[in-house]
Amino acid sequence: MNLKLGVIGTGAIGREHIRRCSHVLQGAEVVAVSDINLDGARNAVESLALNAEAYANGMDVINAPDVEAILVTSWDPTHEAFTLAAVAAGKYLFCEKPLAMSAEGCRRIVEAEIAQGKRLVQVGFMRPYDSGYRALKKVIDEGAIGEVLMLHCAHRNQSVAENYTTEMAITNTLIHELDVLRWLTDDDYKTVQVVYPRTTSKAHAKLKDPQIVLFETHKGIRIDVEIFVNCAYGYDIQCEVVGEEGIARLPEPSSIQLRKDARLANTILTDWKDRFIEAYDVELQAFINDVKADRLTGPSAWDGFAASVAADACLKAQQSSAIEPVSMPLRPAFYYR
Ligand code: NAD
Ligand code: NAI
Ligand code: ISE
């Protein structure tokens, strides 16, 4: 029997996730969609050939009797309310990152989930499902480069829309590193500082771009992450781990090497949809399988909370230019897997 999904938000990633759940993955079908722009939701039903109802309100998707699990792919500030409503309804939900706009918002979700008695929420942190990050973690965990000392990372987007702000570099973009680097190093952040280099002329008025975020972890690892969302040349995710005995780098996406016109060239991707296309497939297939088995194992509401605790400290550091502490509470037993 197919798992019956409802999808709230039929924009860029909503359509991508609907496409993969309907036409690529096994064991699920989309029976309900919603978007604040109802015509967009209707268009998704038609263009993706769905046998689904288009609702004007996301809450109606959550409460529809035929919907067994929900995907939230609407704008960041809407995630918390939809997640709380799904937990209250006792339905499984996959929420795109960030889980909420602040640690306080994530905390409310964690408390509601614990009160409800079982894990119902998976956060859309797909990088731990990416084969490159998994290979990098294996090298670290096997001790191949010795103890980890430093990480040098970059999160570059070709360009962003005019509504993208300086704060979104943290809450919407860096949030991926805030999750994946904790997982990669099996560590938590102790302090953070944000440094602004010269701003690119390609940034819109509301955005300081690029930014450099500097962390110290509890183990004493130093991490620098460059966020550069108008880098112009492509979509580029870099992660270099420096250990006592060697250096491990995230693999580049495979591409044909071209020798032509006295040049040696590789194509660089330009779109996040393509860079992690396989990881999205794996994370959503895992979510579908886990819901059917009545047991979630992917990134949890606690992981969403942990990333937002660090994000809050980054936002403070953006304002203060000081080194800010990151105070991560102890993980409740409920979230030990
Ligand atoms: P988008 O703007 O293309 O799509 C968002 C859609 O949500 C829009 O169609 C909008 O009308 C709709 N929406 C907003 N509020 C809504 C509500 N209350 N109810 C129903 N629909 C609502 O944005 P996007 O690029 O698809 O991003 C959507 C979400 O996915 C964001 O939270 C973003 O952070 C996340 N995202 C994650 C990744 C990833 O790599 N994991 C990549 C892209 C986007
Ligand atoms: P988008 O702007 O393309 O789509 C968002 C959609 O949500 C829009 O169609 C919008 O109309 C709709 N929406 C907004 N408010 C709504 C509401 N109250 N009710 C119903 N629909 C509403 O944005 P995009 O890029 O698809 O991002 C959506 C979410 O996915 C964001 O939270 C983003 O952070 C996340 N995302 C995650 C990625 C990842 O790699 N995991 C990649 C891209 C986005
Ligand atoms: C987008 O929402 C994503 O999640 C992408 O993975 C990220 O690279 C981009 O900066 C975000 O806007």
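Since the model is a prediction, treat every value here as computed from it, not as a measurement. (Residues numbered from 1 in each chain as written. Chains lettered and ligands numbered in written order. Predicted model: local features only at pLDDT ≥ 70, side-chain atom pairs only at ≥ 80, totals over all residues. Heavy atoms only, no water.)

Student: Before we go on, may I ask you to explain unusual backbone geometry in this structure?
Tutor: Most peptide bonds take the trans configuration, and most residues that are not glycine carry a negative phi. The omega torsion of the bond from Lys-97 to Pro-98 falls at -10 degrees, within 30 degrees of zero and hence cis. You can see Pro-98 is positioned in the loop between β5 (92–95) and α5 (103–116). Residue Pro-210 is reached from Asp-209 by a cis peptide bond, and omega for that bond is 5 degrees. Looking at the element boundaries, Pro-210 is found in the loop between β8 (189–195) and β9 (211–217). If you check the backbone angles, Ala-49 has positive phi at about 55 degrees while not being a glycine. Mapped onto the elements, Ala-49 comes out in the loop between α2 (38–47) and β3 (53–55). Assessed through its relative accessible area of 62%, Ala-49 is described here as exposed. (Helix = DSSP H or I, 4+ residues; strand = E, 2+ residues; numbered from the N terminus. Buried < 20%, exposed > 50% of the residue type's maximum accessible area, 1.4 Å probe, protein only.)

Student: Is there a simple way to explain the pairing of strand β4 (residues 69–72) in this structure?
Tutor: Walk down a regular strand and you will see the side chains alternate between the two sheet faces. Burial along β4 is two-sided: the residues Ala-69 and Leu-71 and Ile-70 and Val-72 are all buried. Across four bridges, strand β1 (residues 3–8) lies against β4 in parallel orientation. Residue pairing in the sheet places Gly-6 in a bridge with Ile-70 of β4. (Pairing = 2+ DSSP bridges.)

Student: How do you make sense of the domain arrangement of the chain when you look at a structure like this?
Tutor: Often, the extent of an interface is quoted as the loss of accessible area upon association of its parts. What the domain assignment reports for the chain is domain 1 (3–127 + 277–306) and domain 2 (131–271 + 319–325). Taken over C-alpha atoms, the centre of domain 1 sits 27 Å from the centre of domain 2. Taken together, the contact pairs ten residues of domain 1 with twelve residues of domain 2. Together, the buried faces of domain 1 and domain 2 total about 1,100 Å²; carbon and sulfur atoms form 53% of this surface. Contact with domain 2 buries surface across domain 1, with Lys-97, Phe-125 and Arg-127 losing the most and accounting together for 61% of the total. (Domains from an automatic or database assignment. Contact = heavy atoms within 4.5 Å. Buried area = accessible area lost by both parts, 1.4 Å probe.)

Student: Looking at this model, I keep getting lost on the sheet that holds β1. Mind explaining?
Tutor: In any sheet, the strands associate via hydrogen bonds between backbone groups, in a parallel or an antiparallel arrangement. Ordered in space as β3-β2-β1-β4-β5-β6, the six strands form an open sheet in which the pairing is parallel. For this open sheet the edge positions go to β3 and β6 (121–123), each flanked by a neighbour on one side alone. On average, each strand axis in the sheet is tilted by 25 degrees relative to the strand beside it, whichever way the strands run. Here β1 runs beside strand β2 (residues 28–34); their pairing, made up of six bridges, is parallel. Note on β2: the bridge partner recorded for Ile-8 is Ser-34. (Axes fitted to C-alpha atoms, helices over the stretch in contact; angles between N-to-C directions.)

Student: Hey, could you run me through the site of ligand 3 in this one?
Tutor: The environment of ligand 3 is made up of Lys-97, His-155, Asn-157, Asn-172, Thr-173, His-176, Tyr-235 and Trp-272. Within the side chain of Lys-97, an N or O atom sits 2.7 Å from an oxygen atom of ligand 3. For ligand 3, an oxygen atom lies 2.7 Å from a polar atom in the side chain of Thr-173. A total of 300 Å² of accessible area belongs to ligand 3 in isolation, and the protein chains cover 85% of it. Considering every element that reaches the shell around ligand 3, the biggest residue donor is helix α7 (residues 168–185), with three residues. Partitioned by chemical class, the residues of the shell around ligand 3 number two nonpolar, five polar and one charged. (Near = heavy atom within 4 Å. Polar contact = N/O pair within 3.5 Å; in protein donor to acceptor, adjacent residues only side chain to side chain. Areas by Shrake-Rupley, 256 points an atom, 1.4 Å probe, with all protein chains shown as cover. Nonpolar A, V, L, I, M, F, W, Y, C, P; charged D, E, K, R; others polar.)

Student: Any chance you could explain the sheet that holds strand β11 (residues 236–243) here in plain terms?
Tutor: Pairing in this open sheet of seven strands is mixed, and the strands run β12-β11-β7-β10-β9-β8-β15 from one edge to the other. The sheet terminates laterally at β12 (247–249) and β15 (324–325), the two strands that pair on one side only. Pairing geometry for β8 and β15, over two bridges, is antiparallel. Paired with Thr-191 across the bridge in β15 is Pro-325.

Student: How do you make sense of the UniProt feature "domain: Gfo/Idh/MocA-like oxidoreductase N-terminal" (unreviewed entry) in the chain when you look at a structure like this?
Tutor: What UniProt calls "domain: Gfo/Idh/MocA-like oxidoreductase N-terminal" (unreviewed entry) maps, in this numbering, to residues 4–125. Taken end to end, residues 4–125 comprises 43% helix and 21% strand; its first and last C-alpha atoms sit 22 Å apart. (UniProt positions renumbered as here; feature names shortened; annotations may be inferred.)

Student: How should I be thinking about the site of ligand 2 in this particular structure?
Tutor: Near ligand 2 lie 23 residues; those nearest to it are Asp-35, Trp-75, Asp-76, Lys-97 and Tyr-280. In the model, an oxygen atom of ligand 2 is placed 2.8 Å from a nitrogen or oxygen of the Ala-12 main chain. Between ligand 2 and Ile-13 there is a distance of 2.8 Å, counted from an oxygen atom to a backbone nitrogen or oxygen. Relative to its free-state accessible area of 820 Å², ligand 2 is covered by the protein chains to the extent of 84%. Considering only residue class, the shell around ligand 2 consists of nine nonpolar, ten polar and four charged.

Student: Which parts of the structure should I look at to understand helix α9 (residues 277–292)?
Tutor: Along an α-helix, residues three or four apart share an orientation, since each turn contains 3.6 residues. With 16 residues, α9 should cover 22 Å at 1.5 Å per step; its first-to-last C-alpha distance of 23 Å lies within 8% of that length. Buried within α9 we find Ala-279, Tyr-280, Asp-281, Glu-283, Leu-284, Gln-285, Ala-286, Phe-287, Ile-288, Asp-290 and Val-291. In the stretch just after α9, Asp-294 is the one whose phi turns positive, near 60 degrees. (Expected span 1.5 Å × (residues − 1).)

Student: What should I look at first to understand the state of the cysteines in this one?
Tutor: Linking two cysteines covalently through their sulfur atoms gives a disulfide. The tally for this structure, following the rule as stated, stands at zero disulfides. This cysteine, Cys-239, is not joined by any disulfide, and Cys-153 carries the nearest cysteine sulfur, 3.9 Å off. Residue Cys-314 stays outside any disulfide, its sulfur separated by 13 Å from that of Cys-153, the closest cysteine. Judged by relative accessible area, Cys-314 falls into the buried class, the value being 0%. (Disulfide = S-S within 2.5 Å.)

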